[in-house]
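What the coordinates show
In case you want the letters, here they are:
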Amino acid sequence: MDIASLLWLLLPVAALSGWLSAQHSLNPKKQEKATQKLSPDYLQGLNYLLNEQPDKAVDIFIKLLTVDNDTVETHLALGALFRRRGEVNRAIRIHQNLIERKQLSCVQREQAVMELGRDYLRAGLLDRAEYLYRELIESSTFGVYACQQLLEIYQQEKDWQKAIKIAQKLDNSGLNDYKPMMAQFYCEQAHDYQQQQQLAKSQALLYKALEMDKRCVRANLLLGWMAIERQQFKLAIAFFQQIEQQNPHYLAEVVEPLHLCYRALQQQPTFIAYLHDVLQKQSNFVPIQPLVQFIKDQEGELPALAFVTEHLKKHPTLQGMAYFLNLTRAKAHANCQLDLNLLQQATLQLLKNNPDYQCEECGFAGKTLHWQCPRCKQWNTVKPI
Ligand SMILES: [Zn+2]
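Criteria and thresholds
- Residues numbered from 1 in each chain as written.
- Predicted model: local features only at pLDDT ≥ 70, side-chain atom pairs only at ≥ 80, totals over all residues.
- Heavy atoms only, no water.
- Helix = DSSP H or I, 4+ residues; strand = E, 2+ residues; numbered from the N terminus.
- Buried < 20%, exposed > 50% of the residue type's maximum accessible area, 1.4 Å probe, protein only.
- Pairing = 2+ DSSP bridges.
- Donors = N, O, S within 2.8 Å, 3.2 Å for Na, K, Ca; no water.
- Tetrahedral: all angles 85-135°; square planar, octahedral: opposite > 155°, others 65-115°.
- Core = buried A, V, L, I, M, F, W, Y, C linked by side-chain atoms within 4.5 Å.
- Domains from an automatic or database assignment.
- Contact = heavy atoms within 4.5 Å.
- Axes fitted to C-alpha atoms, helices over the stretch in contact; angles between N-to-C directions.
- Parallel < 35°, antiparallel > 145°, perpendicular 65-115°, else oblique.
- Left-handed = near helix turned anticlockwise from the far one by under 90°.
- Nonpolar A, V, L, I, M, F, W, Y, C, P; charged D, E, K, R; others polar.
- Phe/Tyr/Trp six-rings, centres within 6.5 Å; stacked < 30°, edge-to-face > 60°.
- Salt bridge = Lys/Arg side-chain N within 4 Å of Asp/Glu carboxyl O.

Our next topic: unusual backbone geometry. Among all residues save glycine, negative phi is the norm, and among peptide bonds the norm is trans. In this structure, K377 takes a positive phi of about 65 degrees despite not being glycine. Structurally, K377 can be placed in the loop between β2 (365–366) and β3 (382–384). Since its relative accessible area comes to 48%, K377 is described here as partly exposed. Phi is positive for N380, which is not a glycine, with a value near 60 degrees. The residue N380 is located in the loop between β2 and β3 in this model.

Here is the structure:
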């Protein structure tokens, strides 16, 4: 054991001696009595330390601190210190020792239970933490905290049913709006049912998600794709087109499925008209691929190139650049072909390396749309770039 650890383990003793000197100034008789009781144990504790038996030493020092109204705070502080230092087993021993004491007040006991719950969470013992926090749900002091911890646990366990119940309880407390999160939990359940081919159940849950949060883009996307699977293309279009009102940040997600629906209905011009219409209203929306393709098919390469050039002036994007190079290359002089090829390859490589989605909360970026950010664990914060 190194010197730092030794010093650390002496902390309880320092805390105790601080407490004892405070007692001494107030009550010399009490101090004398405590010192008499302390001496042999204290020496034995030191002995364990010197013999590199820190666990036994810690047990002795914990025992030295008798639990009463004056020392509960010291016990709690010590437990929290051990936990912060990553010595969770010691923190657990301190908090368990506290909870077993009958002389604790109701609030003190609840606080010790809360701390023990934190120890269990830190140790990854979710079921034990859940058991403790359920005890505290109705506490006027720690109830909200316990519910928030339970919400974290149920999300980690992917127990969406329980997560919905506890989020509802938190939502009722009025501290925060938990409805968008609850809508995501319904979507998670719906997604699970969809995987099991229980489509009716999945659909019912997605409608519940929309009842909870009418701006839940994910529910509309899932309902739209389910409609496509049933070949109900008009219904699918209705779901996808609502997303513009729900949250225009996600418009890029509907281009591909809408294209698919309109193709199936042989209504390509209606799709293009819709894209032009949205493009007018949403300046950040760049549905360049289907528009370029359509203009190229209907009017030829020159009008398509004119569209891309105009578009690039307003929205200088890598994707626009890639289309520009592609169209320019076709009509370029043979001498330039090689350079343009190189430029196009470099642009495509940059596009490949660029993330498509980013969390507006923590900056996490990637190629997949996560409804819960893998880094900061927030819901609805990862958006298409
Ligand atoms: Zn994040």
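Moving on from the coordinates now.
Taking strand neighbours across the sheet as the criterion, the three strands line up as β2-β1-β3 in an open arrangement whose pairing is antiparallel. Every other strand in the sheet has two partners, leaving β2 and β3 as the edge strands with one partner each. In this structure, strand β1 (residues 357–359) lies alongside β3, joined through three bridges in antiparallel fashion. What sits directly across from Q358, in β3, is K383.

On to the coordination of the zinc ion, then. Coordination of the zinc ion by the protein involves C359 (SG), C362 (SG), C373 (SG) and C376 (SG), with metal-donor separations of 2.3 Å. For the zinc ion, the four donor atoms are set out with angles of 103 to 116 degrees between them, so the coordination reads as tetrahedral. Take C376: its relative accessible area is 23%, and that puts it in the partly exposed class.

Our next topic: the nonpolar core. With 90 residues, the main nonpolar core has Y133, L151, F185, L206, F240, L258 and V292 as its most contacted residues. Counting residues per element, this core draws most heavily on helix α13 (residues 217–229), at eight residues. Each of two domains, domain 1 (3–172) and domain 2 (179–285), supplies a minimum of three residues to this core. Beyond its immediate stretch of four places on either side in the chain, V292 contacts A304, F307, V308, Y323 and L327.

With respect to the helices and strands, Q149 occurs in helix α9 (residues 143–156). For Q149, a relative accessible area of 15% puts it in the buried group. Apart from the residues lying within four places of it in its own chain, the contact partners of Q149 are L121 and Y133.

Let us look at the packing of helix α12 (residues 199–212) against α13. At a minimum axis distance of 9 Å, the contact between α12 and α13 shows a crossing angle of 150 degrees. Between α12 and α13, the crossing angle belongs to the class labelled roughly antiparallel. The crossing of α12 and α13 is left-handed. Counted together, L199, S202, Q203, L206, Y207, A209 and L210 of α12 and A219, N220, L222, L223 and M226 of α13 form the full contact between these two elements. For the contact of α12 with α13, a count of residues per class yields nine nonpolar, three polar and no charged.

The next point concerns the environment of P355. One can find P355 in the loop between α20 (334–353) and β1. For P355 and K367, which are twelve residues apart along the polypeptide, the C-alpha to C-alpha distance reads 5.2 Å. P355 has contacts with A365, G366 and I385, leaving out every residue within four places of it along the chain.

Applying the stated criterion to the full structure yields seven aromatic pairs. A centroid spacing of 6.0 Å and a plane angle of 80 degrees characterise the contact between W160 and W379, whose relative ring orientation is edge-to-face. A residue pair is termed long-range when its members are at least 10 positions apart, and W160 in helix α10 (residues 160–172) and W379 in the loop between β2 and β3 qualify at 219 residues. Here W160 and W379 have matching classes, each one buried. Members of the aromatic cluster, joined through ring pairs, are W160, F185 and W379.

Bringing the packing of helix α8 (residues 126–136) against α9 into the picture now. For the pair α8 and α9, interaxial distance at closest approach is 9 Å and the crossing angle is 150 degrees. Of the possible angle classes, the one that applies to α8 and α9 is roughly antiparallel. Seen along the crossing, α8 lies across α9 with a hand that is left-handed. Facing α8, whose interface residues are L126, A129, E130, Y133, R134 and L136, α9 presents G143, Y145, A146, Q149, L150, I153, Y154 and Q156.

Attention now goes to the pattern of salt bridges. If you walk through the whole model with that rule in mind, you get 14 salt bridges. Here K162 ties to E130 by a salt bridge, and the two come within 3.5 Å at their closest N and O atoms. Of this pair, K162 sits in helix α10 while E130 sits in helix α8, and the two are 32 residues apart along the sequence. When the shortest N-O distance is used, the salt bridge between E138 and K169 registers 3.3 Å. Linking E138 in the loop between α8 and α9 with K169 in helix α10, this pair joins segments that are 31 residues apart in sequence. The exposure class of E138 is exposed, given its relative accessible area of 65%. A residue is classified by how much of its surface remains accessible, and K169, at 33% relative accessible area, is partly exposed.

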